[in-house]
Amino acid sequence: MTCGELTGIAYGNRVFSWCVCYISPEFARAVLETLRQPIETGDVVIARANAHVRYPCKFLLVAAANPCKCGYLPDPARACARVPECGVDYLGRISGPLMDRFDLRVEVPPVEFADLDSVPTGEDTASVAARVARARQIQTERFAEHPRIRVNADAEGALLDRIAAPDAEGKALLLGAAERLGLSARGYHRVLRVARTIADLDGARDIRRPHLAEALSFRLTARA
Ligand SMILES: [Zn+2]
């Protein structure tokens, strides 16, 4: 799926449950910015002189971009002569408000040739899938009395405050980090939702400091 197809939802009534989109800073800024409203609200409103139409388009967006225009920013041996401006200029084309809407930002370093045939480590896919299924079940039960809410990402306001209240240590960590990182109100609430989900994956009833620390780590990319 391309960015252009995704923005097409602004003019149609297709409903996506999820999509994968390669977001390139080469796309026109106006095109990228059209993603902001559907990411935030899960719908698109088209306003005309005598009518407002709301199209549902709730989706999970997975996006990827190179670290800079030449693509070799993390590799000192191959990077262009414009480091670090090459990356700053390139990723700077993605606006702060759009970047703020990405809950999980992960930098993926180049794979070393020596690692290509190494034995995979860590949890296998089936184990992770089982943990995710359990976390989804927890959320289904949590929102049983809220028919319009399926997962933590849908919760807001008083409901979010109730289901994602961290313990005292977690709260102190979050408030300190919010100040240091200059988190927006949107970013603050998004961190809480991610922490709630990490706690669910951990099988934990309460959101504790490690859950919040992990949630915050996903906002600590070079382009925070
Ligand atoms: Zn470069």
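To continue, consider the overall build of the protein. Along the protein, the regular secondary structure elements total ten helices and four strands. Helices and strands in the protein line up, N terminus first, as α-β-α-α-β-β-β-α-α-α-α-α-α-α. Each of the 224 residues in the protein was classed as buried or not, and the buried ones make up 19%. Here the contacts in the protein between residues at least 6 apart in sequence split such that 63% fall between residues at least 24 apart.

This brings us to the confidence of the model for the protein. Note that predicted coordinates carrying low pLDDT should not be read in detail. Summary statistics for the protein give a mean pLDDT of 84 and a share of 89% for residues scoring 70 or more. Confidence drops under a pLDDT of 50 for residues 6-16, and excluding neighbours within four residues, the segment shows 19 contacts in the predicted structure.

With that settled, the discussion passes to the environment of Arg190. Position of Arg190 among the secondary structure elements: in helix H9 (residues 185-201). For the pair formed by Arg190 and Asn152, sequence separation is 38 residues and the distance between their alpha carbons is 9.8 Å.

Attention shifts here to the packing of H9 against helix H10 (residues 209-217). In a pair of packed helices, the angle between the axes and the distance between the axes together describe the arrangement. Here H9 crosses H10 at 125°, and the two axes come no closer than 8 Å. The angle between the axes of H9 and H10 places the two elements in the oblique class. Crossing of H9 against H10: the hand is right-handed. Contacts between H9 and H10 involve Val191, Val194, Ala195, Ile198 and Ala199 from the former and His211, Leu212, Glu214, Ala215 and Leu216 from the latter.

On to helix H8 (residues 168-181), then. Over its 14 residues, H8 extends 20 Å from the first C-alpha to the last, a length consistent with the 20 Å expected when each residue adds 1.5 Å. Buried within H8 are the following residues: Gly170, Leu173, Leu174 and Ala177. End-on, the buried residues of H8 take up no more than an arc of 95°, which puts them together on one face. Within H8, the exposed residues directed more than 90 degrees away from the buried face are Ala168, Gly176 and Glu179. Residues of H8 that are buried make contact with H9 and H10. Directly beyond the C-terminal end of H8, a positive phi value near 65° is found at Gly182.

Criteria and cut-off values
Residues numbered from 1 in each chain as written. Predicted model: local features only at pLDDT ≥ 70, side-chain atom pairs only at ≥ 80, totals over all residues. Helix = DSSP H or I, 4+ residues; strand = E, 2+ residues; numbered from the N terminus. Buried ≥ 20, exposed ≤ 12 C-beta atoms within 10 Å, placed from the backbone. Contact = placed C-beta atoms within 7 Å. pLDDT = per-residue confidence, 0-100. Axes fitted to C-alpha atoms, helices over the stretch in contact; angles between N-to-C directions. Parallel < 35°, antiparallel > 145°, perpendicular 65-115°, else oblique. Left-handed = near helix turned anticlockwise from the far one by under 90°. Expected span 1.5 Å × (residues − 1). Arc of directions from axis to C-beta.

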